[in-house]
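A closer look at the structure
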Amino acid sequence: MTTIHDALHDAFSKSYAEARQKFLAAVAQAGLQVESHIHPEKGRDGEELAMDVVREGPANAKHVLLVSSACHGVEGYCGSGVQIDALSSAEWHKAVAQSGVAVVYVHALNPHGFSHVRRVTQENVDLNRNFHDFSQPLPDNTAYKEVQHLLLPDQWPPNEANQQETMAYIAQHGMPKLQAAVSQGQHHDPKGLFFGGQGPTWSNQTIRKVLRQHGGQAQKFAWIDLHTGLGPSGVGERIYAGDNDAQAIARARQWWGNITSIYDGTSSSAFLTGLMWMSVKDECPQAEHTGIALEYGTLPMNDMLMALRADHWLHLHPEASDELKKSIKAQIFKAFYTDTDEWRTQIITQAREAMAQALQGLT
C-alpha cells in the first residue's frame, strides 16, 4: 500500500487540470474505465471540464458505495486527493474485490467551481442547495434578507462602517445565527451568496444520471461525499447525509461511529434544504441508502465567511486590480484547503477509515 507520506505528495494537486490528470492516470493504472460527462464550459486555463465517473467491482453488484468530490468546487482540492489515494492503493483494491461491493468514484461533481477556485457552479449556484422540486414554491430565507446588504459591499475589503455593522449583528445574534442566515441557501437573489437556484443545474442533472446508472439496481447504496470548511482544522466530522429517518441514522452510527446530524442540531452545519443526497430517493427508490458528508475543518467560521464574501465580491467586480484578484483567490483556496503535510495526513487517514467502514457496513 502507498504510505501516507507518498500519498501526501502524489495524490493532491494545485489545479483542477492537474487533479484530473492524476485521477485519470490512477484510473488507468488500476485497469479501470472512465466515463466522462463533459461540461459545457471550459476551465480557468481553457482546459476541458468533466464530471468523471469510474466504477470498480461487479457490473451487477447489489451493494454500491459512491465516493464523490467537489460538490462545492474549491473543496475538490481535498476530495480529489482522497479519491486518487484510494485508486492508487493495492490494499484498497483488494478489500473492494473481496467485499463484492461496487465502488463508484465521481470526480468533480462541480468541475467549474473546482477549476475556477470557487464554491459555486457556473450558474452561481450552491450545488448542495439545488435539489428541490422546482414545480413547488421554494423556501424563503428571510434571515438572509436581513443581512444581505452587509455581505457584498460596494468596495473590498469592506469599510469600517460595514465591519462595525457586521460585528454588531454578530454581537446581538451570535455567529451561528449569521452562519445559518447566510449558509441555509436562498432562492431570490441569483447574484447573491449561497444561491440555491431556480431550476436544476448541469451538475444536478448529471449526477442524477450517474445515480440512475450506477445505483438504479442496487439494494444497498452508500454515499460518502467529501467536503471541507467547517469545524476544527483537519477533523473529519461525519455528518449524516440523508432523509430524516431514524433507522438510516442508526445504521450510519453503527457503521461510522460518532455521527452528527443537521436534524438534531449536533452538526457544525446549519439546517439545510435542497441537499444533493435527497436525489437518491428519486433516482434509486429501491435502495436502502446510508450516507455521510465527511467534512474536514480548515479555518475558523469568521475567516471562512470572509473568504466566501471576498470571492463572491470578486465575481461581481471583474474590474478589480490584479493584485486584489490574486490575494482573494489565495484567500479562498486557503479557506478550503490547508497546504500542510499535517493536514493532508489527517485527511487521508480519516478518509481511508471511513471508506473501509462503509465497505464493511455494506457487506
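What you are looking at is a predicted structure, and each value in this text was computed from that prediction instead of being measured.

1. Concerning the overall build of the protein
Along the backbone of the protein there are 14 helices and seven strands. Dimensions along the principal axes, computed over C-alpha positions, put the protein at roughly 60 × 40 × 35 Å. Looking at the protein residue by residue over its 363 residues, the buried ones come to 58%. When contacts within the protein are restricted to residue pairs at least 6 apart in sequence, long-range pairs at least 24 apart make up 79% of them. With the model as given, the accessible surface of the protein reaches about 14,800 Å², and the carbon-plus-sulfur share is 52%.

2. Looking at the pattern of salt bridges
Inspection of every chain in the model, using the stated rule, returns 21 salt bridges. Asp85 is the salt-bridge partner of Arg352, the closest N and O atoms lying 2.8 Å from each other. You can see Arg352 sitting in helix H14 (residues 341-362) and its partner Asp85 sitting in helix H3 (residues 76-87), a full 267 residues away along the chain. You can call Asp85 buried: its relative accessible area is 4%. Between Asp126 and Arg119 there is a salt bridge, with the nearest N and O atoms lying 2.4 Å from each other. In terms of burial, Asp126 and Arg119 fall into one category: buried. Several salt bridges share partner residues, and in doing so they unite Lys14, Asp339, Asp341 and Arg344 into one network.

3. With respect to the confidence of the model for the protein
Here the protein averages 96 in pLDDT, and 99% of its residues register 70 or above. Ranking the elements of the protein by mean pLDDT puts helix H1 (residues 4-10) last with 80 and strand E3 (residues 63-68) first with 99.

4. A few points about unusual backbone geometry
The linkage connecting Trp156 with the following residue, Pro157, adopts the cis geometry, with an omega of 0°. Following the sequence through the fold, Pro157 ends up in the loop between helix H6 (142-151) and helix H7 (160-173). At Ala108, a residue that is not glycine, the phi angle is positive and equals roughly 75°. Inspection of the secondary structure assignment puts Ala108 in the loop between strand E4 (102-107) and helix H5 (111-116).

5. What about the sheet that holds strand E1 (residues 34-42)?
In spatial order, the strands read E1-E2-E4-E3-E5-E7-E6; together these seven strands make up an open sheet with mixed pairing. The open sheet has two edge strands with one neighbour each: E1 and strand E6 (236-240). For this sheet, the mean inter-axis angle between neighbouring strands, taken without regard to orientation, is 20°. Across five bridges, the pairing between E6 and strand E7 (residues 288-297) is antiparallel. Each residue of the ladder has a partner; that of Arg238, found in E7, is Leu294. Each of E1, strand E2 (48-56) and E4 is contacted by helix H2 (residues 16-29), which is oriented at about 25° to E2, the strand it contacts most.

6. Observations regarding the side chain of Arg344
Within the secondary structure, Arg344 sits in helix H14. Residues in contact with Arg344, not counting those within four places in the same chain, are Leu8, Phe12, Tyr337, Thr338 and Asp339.

The rules behind these values
- Position numbers for residues start from 1 in each chain and track the written sequence from start to end.
- Given that this is a predicted model, residues contribute local features only at a pLDDT of at least 70 and side-chain atom pairs are listed and counted only at 80 or more, while totals for whole chains, interfaces and linings are drawn from all residues.
- Water and hydrogen atoms were dropped before computing side-chain values, which therefore reflect all heavy atoms in the structure.
- Only DSSP runs of H or I covering at least 4 residues are called helices, and only runs of E covering at least 2 are called strands; the numbering of each starts at the N terminus.
- Exposure categories follow from relative accessible area, calculated using a 1.4 Å probe and restricted to protein chains: below 20% of the type maximum is buried, above 50% is exposed, and the middle band is partly exposed.
- Here, residues are in contact when the closest pair of their heavy atoms is within 4.5 Å.
- Note on areas: Shrake-Rupley with a 1.4 Å probe; residue coverage comes only from the protein chains shown.
- Salt bridges are identified by distance alone: a Lys or Arg side-chain nitrogen within 4 Å of an Asp or Glu carboxyl oxygen.
- Confidence of the predictor at the level of single residues is given by pLDDT, which spans 0 to 100.
- A pair of strands counts as paired when DSSP detects no fewer than two bridges linking them.
- Every axis corresponds to a line fitted to the C-alpha atoms, with the helix fit spanning only the stretch in contact, and the corresponding angles, defined between N-to-C directions, vary from 0 to 180 degrees.

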